[in-house]
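Summary of structural features
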Amino acid sequence: MGEVVEVKSNSGTPAAVAVAAPPFQLHSPSMSRSPLMGGGGSKSPLTGRILTPLASPMKKAIASVHGFLEEVGHITKLDPQDAWLPITESRDGNAYYSAFHSLSSGIGVQALVLPLAFTTLGWIWGMLCLSLAFGWQLYTLWLLIQLHESETGTRYSRYLRLSMAAFGEKLGKLLALFPTMYLSGGTCVTLVIIGGGTMKMFFQIVSEVNPLTTVEWYVVFTCSAVVIAQLPNLNSIAGVSLVGAISAVTYCTVIWVASVTKDRPNGVSYEPAELKPASEVARLCAVLNALGIIAFAFRGHNLVLEIQGTMPSSAKHPARKPMWRGVKFAYFLIALCLFPLAVGGYWAYGNLIKDGVFEALYKYHGQDTSRIILGSTSLLIVINCLSSFQIYAMPAFDNLEFRYISSRNKPCPWWLRSGLRAFFGCLVFFIAVALPFLPSLAGLIGGVALPVTFAYPCFMWIQIKQPKKYSSVWYLNLGLGCLGMVLSVLLVTGAVWSIVTMGIEIHFFKPQ
């Protein structure tokens, strides 16, 4: 039993009695409300000297338990339903998982079209815009990582929830719901189109015959993606993201190295492409479309909070530290891929690039490049598309299961989870067949997604952190946020104008 010790009070109030609890009670959460924890009330000079032979060990034990309870209290402000959803079902992530997921979501086939932006912007403005965009998105990435946990311990493990916390429920949904779902579902549709088409190209390179149609290759890719999607949660696909990251870094390196080591094709020019019709408005819209292509290359911000939500967090060891370490390493590798690919691809092909660097390599050097290189590069692109599909589809899976959990108040059974993911795969496949020209809208997609990456995080920082008004930090975030919103409107307008005036090959339900 615990010992009873009399403690005198300085305030003249009746003497308090401190009870040294038995050892089994030291692990109880109720200890945080005990007088032994020193919470509230006036302190006596004798309070720190418990008059027992076990005073010193007991004080150490109580201090240890007090620190533990503070730490637990910091990480327990979670929605109980989070443990049933695939994004936050497992919280044993680390900096390595952060790097794997960030690489898999941050680099991919969208990087292969970066030289297209240089055909309009040229060398100097192309490099300047790409560098500024990279630094800008890295800053907003840091903002999101810092905003993941509030000062009260609440964790925002989804971009939409952070938006609602910053802007209010209605406005937050209005601003973030469509762009984030568009980035998730739209990216998966694009991956089906590119992955299925690259499967077809791989088979042609290897066997020189093509037994399947394009739609059938879409079916093969979608079925493969749905099978891999049966992995239960975001942490469980860390290995898949690692494979996807390695494949992306490898094929980006192979493509730009193979392009710059070959002789440049005849007719390579670095002059801005001639526009039809030629006018100042056409030139401006072409520049805006090029900026949209650059913005499209940085598209993983809608997944940052989800990735960080898979990590354990406490007051002493917040999740933002390992998350930022993983992100810094990932984006160092991304920079080593994006800049050489953009510069090397533009140097090798100039204005001859029409679709992307890999298509240009296959078109102009398909005869003098080893089939092993072309085939392995195609296979790596397919692998990266399959792995990227998993992480971009995870918010959609999470949202579908959330609807069920909210209405039934119980976790989703395995058979329903599998069925929902198969349904999502079928839906994505249908849209890919119906809109096979979607990858041609890179500038438009970049403009729509731009606020998620470049603008909203700045406004969220102002709303949640509330820096001193008219301070340098306040001006920086307000300026970047407003600039991002203006650019988004201009990019969408320019992309739509370019599509209307210059035309785009549209073929519904006819994949080429």
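Residues numbered from 1 in each chain as written. Predicted model: local features only at pLDDT ≥ 70, side-chain atom pairs only at ≥ 80, totals over all residues. Heavy atoms only, no water.

1. A few points about the overall build of the chain
This is how it is decided: Each helix is a run of DSSP H or I of at least 4 residues and each strand a run of E of at least 2, with the numbering of both proceeding from the N terminus. Between buried and exposed lies partly exposed: a residue is buried under 20% and exposed over 50% of the maximum accessible area for its type, with that area taken using a 1.4 Å probe on protein chains only. Contacts: residue pairs with any heavy atoms within 4.5 Å of one another. Note on areas: Shrake-Rupley with a 1.4 Å probe; residue coverage comes only from the protein chains shown.
The helix and strand inventory of the chain stands at 15 helices and two strands. Counting over 512 residues, the chain shows a buried share of 51%. For the chain, the proportion of contacts with a sequence separation of at least 24, taken over those separated by at least 6, is 81%. As displayed, the chain has an accessible area near 24,000 Å², and 66% of this comes from carbon and sulfur atoms.

2. Digging into the confidence of the model for the chain
Basically, it comes down to this: Per-residue confidence from the predictor is reported as pLDDT, which spans 0 to 100.
Here the chain averages 83 in pLDDT, and 82% of its residues register 70 or above. Scored below 50 in pLDDT, residues 1-54 makes 51 contacts in the model with residues more than four places away or belonging to other chains. Throughout residues 72-76 the model reports pLDDT below 50, and contacts reaching past four residues in sequence, or to other chains, amount to six contacts.

3. As for the environment of Phe508
On the secondary structure map, Phe508 appears in the segment after α15 (472-502). Between the C-alpha atoms of Phe508 and Pro436, which are 72 residues apart in sequence, the distance is 6.9 Å.

4. Structural notes on the packing of helix α5 (residues 169-207) against helix α13 (residues 414-434)
Convention followed: Angles here are taken between N-to-C directions and fall from 0 to 180 degrees, while the axes themselves are lines fitted to C-alpha atoms, restricted in helices to the stretch in contact. By definition in this entry, angles of less than 35 degrees are roughly parallel, angles greater than 145 are roughly antiparallel, angles of 65 to 115 are roughly perpendicular, and the rest are oblique. Should the near helix be turned anticlockwise from the far one by less than a right angle, the crossing is termed left-handed; should it be turned clockwise, right-handed. Here the nonpolar group is Ala, Val, Leu, Ile, Met, Phe, Trp, Tyr, Cys and Pro; Asp, Glu, Lys and Arg are the charged ones; every other residue, Gly included, is treated as polar.
Between α5 and α13, the least distance of the axes is 9 Å, while the angle of their chain directions is 65°. As the angle between them shows, α5 and α13 are arranged roughly perpendicular. Of the two possible hands of crossing, α5 and α13 adopt the one that is right-handed. In this structure, α5 contributes Gly185, Cys188, Val189, Val192 and Ile193 to the contact, and α13 contributes Phe424, Val428, Ile431 and Ala432. Looking at the contact of α5 with α13 residue by residue, the classes come out as eight nonpolar, one polar and no charged.

5. Remarks on the side chain of Asn302
By the secondary structure assignment, Asn302 is in the loop between α8 (280-296) and α9 (304-308). We classify Asn302 as buried; its relative accessible area is 2%. When neighbours within four sequence positions are excluded, Asn302 is seen to be in contact with Tyr159, Thr180, Leu183, Ser184, Tyr392 and Val452.

6. Structural notes on empty space enclosed by the protein
In plain terms, the rule: As defined here, a cavity is a set of points on a 1 Å grid over the protein atoms alone where a 1.4 Å probe fits but cannot get out. A pocket is an open set with protein on both sides within 12 Å along at least five of seven lines, and residues line them when an atom is within 4 Å of a point. Grid points are joined across faces, edges and corners, and a volume is the space filled by probe spheres set on the points.
For the structure shown, the criterion picks out four cavities of 30 Å³ or more. The space that makes up the largest cavity amounts to roughly 60 Å³. Surrounding the largest cavity, Tyr182, Leu183, Gly186, Thr187, Thr190, Phe296, Arg299 and Ile445 form its lining. The greatest single-element share of the lining of the largest cavity, amounting to five residues, is contributed by α5. Of the residues assigned to the lining of the largest cavity, the class counts are four nonpolar, three polar and one charged. The calculated volume of the second largest cavity comes to roughly 40 Å³. Surrounding the second largest cavity, Ser102, Ser105, Leu141, Gly300, His301, Val304, Ile307, Val327 and Tyr331 form its lining. Counting residues per element, the ones that place at least two in the lining of the second largest cavity are α2 (95-106), α9 and α10 (320-349).

7. Notes on α5
Where we set the bar: Residue count minus one, scaled by 1.5 Å, sets the expected span of a helix. Bend is the name given here to the angle between axes fitted to two runs of seven residues, the run ending at a residue and the run starting at it.
Here α5 is 39 residues long and its end C-alpha atoms lie 55 Å apart, about the 57 Å a rise of 1.5 Å per residue gives. By the largest-angle criterion, Ala176 marks the main kink of α5, which is about 35°, and a proline, Pro179, follows within four residues. Following α5 by one or two positions, Glu208 has its phi on the positive side, about 60°.

8. With respect to a positive patch on the surface
To keep things clear, this is the line we draw: Patch criteria: residues need more than 30% relative accessible area and no salt bridge. Like-charged residues are merged within 9 Å; nonpolar side chains of Val, Leu, Ile, Met, Phe, Trp and Tyr are merged within 5 Å. Here, a salt bridge means any Lys or Arg side-chain nitrogen found within 4 Å of an Asp or Glu carboxyl oxygen. Working convention for charge: Lys and Arg count positive, Asp and Glu count negative, and His plus the chain ends are omitted. Just so you know, the charge point we use is NZ for Lys, CZ for Arg, CG for Asp and CD for Glu.
A cluster of like positive charges, contributed by Arg320, Lys321, Arg325, Lys328 and Lys465, occupies part of the molecular surface. At four residues, the largest contribution of residues to the positive patch is made by α10. Considering the arrangement of structural elements, one finds Lys321 in helix α10.

9. A few points about the environment of Ile194
Residue position: Ile194 is located in helix α5. Along the primary structure Ile194 and Ile381 are separated by 187 residues, whereas in three dimensions their C-alpha atoms are 8.7 Å apart. Among residues more than four places away in sequence, those in contact with Ile194 are Val109, Cys385 and Pro439.

10. Notes on the nonpolar core
Where we set the bar: Here the nonpolar core consists of buried residues drawn from Ala, Val, Leu, Ile, Met, Phe, Trp, Tyr and Cys, with membership extended through side-chain atoms lying within 4.5 Å.
Grouped together as the largest cluster of nonpolar side chains are 118 residues, with contacts concentrated most on Tyr251, Ile294, Phe389 and Met460. Of all the elements, helix α3 (residues 114-147) adds the most residues to this core, at 15 residues. Once residues within four sequence positions are removed from consideration, Met460 is found in contact with Leu144, Leu147, Tyr159, Leu162, Ser163, Ala166, Phe167 and Lys465. Residues Tyr404, Ile405, Leu416 and Leu420 belong to the second largest nonpolar core, which totals six residues.

11. Things to note about unusual backbone geometry
Its identity is not glycine, yet Asn409 carries a phi of approximately 55°, on the positive side. Looking at the secondary structure, you find Asn409 in the loop between α12 (371-408) and α13. What makes Asn409 exposed here is its relative accessible area of 54%.

12. Describing the packing of aromatic side chains
Put simply, the rule reads: The pairing test for Phe, Tyr and Trp rings, Trp by its six-membered ring, is centres within 6.5 Å, and the orientation test on the planes gives stacked under 30 degrees, edge-to-face over 60, and tilted for anything in between.
Going through the model one piece at a time under the given rule, you end up with 19 aromatic pairs. Their ring planes at 25° and their centres at 6.0 Å tell us that Tyr349 and Tyr364 sit as a pair that is stacked. Of the two residues, Tyr349 is situated in helix α10 and Tyr364 in helix α11 (residues 357-365); the sequence distance between them amounts to 15 residues. Since its relative accessible area comes to 0%, Tyr349 is described here as buried. Overall, Tyr364 belongs to the partly exposed group, its relative accessible area being 28%. Of the aromatic side chains, those joined through ring pairs into one cluster are Phe118, Trp123, Tyr270 and Tyr346.

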